[in-house]
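The chain contents come next:
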Amino acid sequence: MKQHACYKKYLSLLGAKWQKAIAFVYIRNETLFVAVTHPGFKMELNYNKDILKSVLTQLSDIDKSCKMLRAQKVVVFHSKYRSVIQHSSQNATVPFYNELASPDFCIESLDEDIKAKFEAIKAQIRGQHS
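Residues numbered from 1 in each chain as written. Predicted model: local features only at pLDDT ≥ 70, side-chain atom pairs only at ≥ 80, totals over all residues. Heavy atoms only, no water.

(A) How the structure looks around the sheet that holds strand β3 (residues 73–78). Taking strand neighbours across the sheet as the criterion, the 3 strands line up as β1-β2-β3 in an open arrangement whose pairing is mixed. Looking along the sheet, the strands with just one partner apiece sit at the ends: β1 (22–28) and β3. Across the sheet, the mean angle separating the axes of adjacent strands is 20° when strand polarity is ignored. As judged from the 6 bridges shared by β1 and strand β2 (residues 31–36), these two strands associate in the antiparallel manner. Along β2, the bridge assignment pairs F24 with A35. Helix-sheet contacts for helix α1 (residues 2–13) involve β1 and β2, and the interaxial angle to β1 is about 125°. With respect to the sheet, helix α3 (residues 39–47) is in contact with β1, β2 and β3, its orientation differing from that of β3 by roughly 165°. (Pairing = 2+ DSSP bridges. Helix = DSSP H or I, 4+ residues; strand = E, 2+ residues; numbered from the N terminus. Axes fitted to C-alpha atoms, helices over the stretch in contact; angles between N-to-C directions. Contact = heavy atoms within 4.5 Å.)

Spelled out as structure tokens, the structure:
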């Protein structure tokens, strides 16, 4: 569990673009394995292996609880699994709109049932305005 927390710290130190690109990381036999979410990110991270290793070394030097994170090599590969960092999704809510109707209209019907229904509609509109 301590390693998992350190891996999350490591990923949080990387840029937002790389956080989206990296699915997960782990270290085995002094090799940092970096799984990417899309094959297009693999080439970019291969060019930046030194930065990945440098950030890992700095984290292990600064945070004593993560001192076991040491790597001599970096291997980048594509993985179909999702990211370790959970991105918060915005909850879809019902949009609330201001009432556009106005209760100021004339009822010109002679039918009492229709007049009663339109009066009820006027009352609802007034309720929305207040």
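(B) Looking closely at the environment of K49. Along the polypeptide, K49 turns up in helix α4 (residues 49–62). For the pair formed by K49 and V34, sequence separation is 15 residues and the distance between their alpha carbons is 9.9 Å. Dropping the residues within four chain positions of it, K49 is found in contact with V74 and V76.

(C) Representation of the state of the cysteines. Overall, the coordinates contain 1 disulfide when judged by the stated rule. At a sulfur-sulfur separation of 2.0 Å, the disulfide partner of C6 is C66. Around the S-S axis, the bridge from C6 to C66 shows a dihedral of about -90° and counts as left-handed. Here C6 is found in helix α1, whereas its partner C66 is found in the loop between α4 and β3, with 60 residues between them in sequence. Overall, the relative accessible area of 2% leaves C6 in the buried class. In this structure C66 comes out as buried when scored by relative accessible area, which is 0%. (Disulfide = S-S within 2.5 Å. Buried < 20%, exposed > 50% of the residue type's maximum accessible area, 1.4 Å probe, protein only.)

(D) Expanded view of the packing of α1 against α4. One way to put it is that α1 packs onto α4 with a least axis distance of 10 Å and a crossing angle of 125°. Between α1 and α4, the crossing angle belongs to the class labelled oblique. Note that α1 runs across α4; the crossing there is right-handed. Of α4, the residues touching α1 (which contributes C6, K9, Y10 and L13) are L52, V55, L56 and L59. Among the residues making up the contact of α1 with α4, the classes are represented as 7 nonpolar, no polar and 1 charged. (Parallel < 35°, antiparallel > 145°, perpendicular 65-115°, else oblique. Left-handed = near helix turned anticlockwise from the far one by under 90°. Nonpolar A, V, L, I, M, F, W, Y, C, P; charged D, E, K, R; others polar.)

Don't take any of this as a statement about function, it's just geometry.
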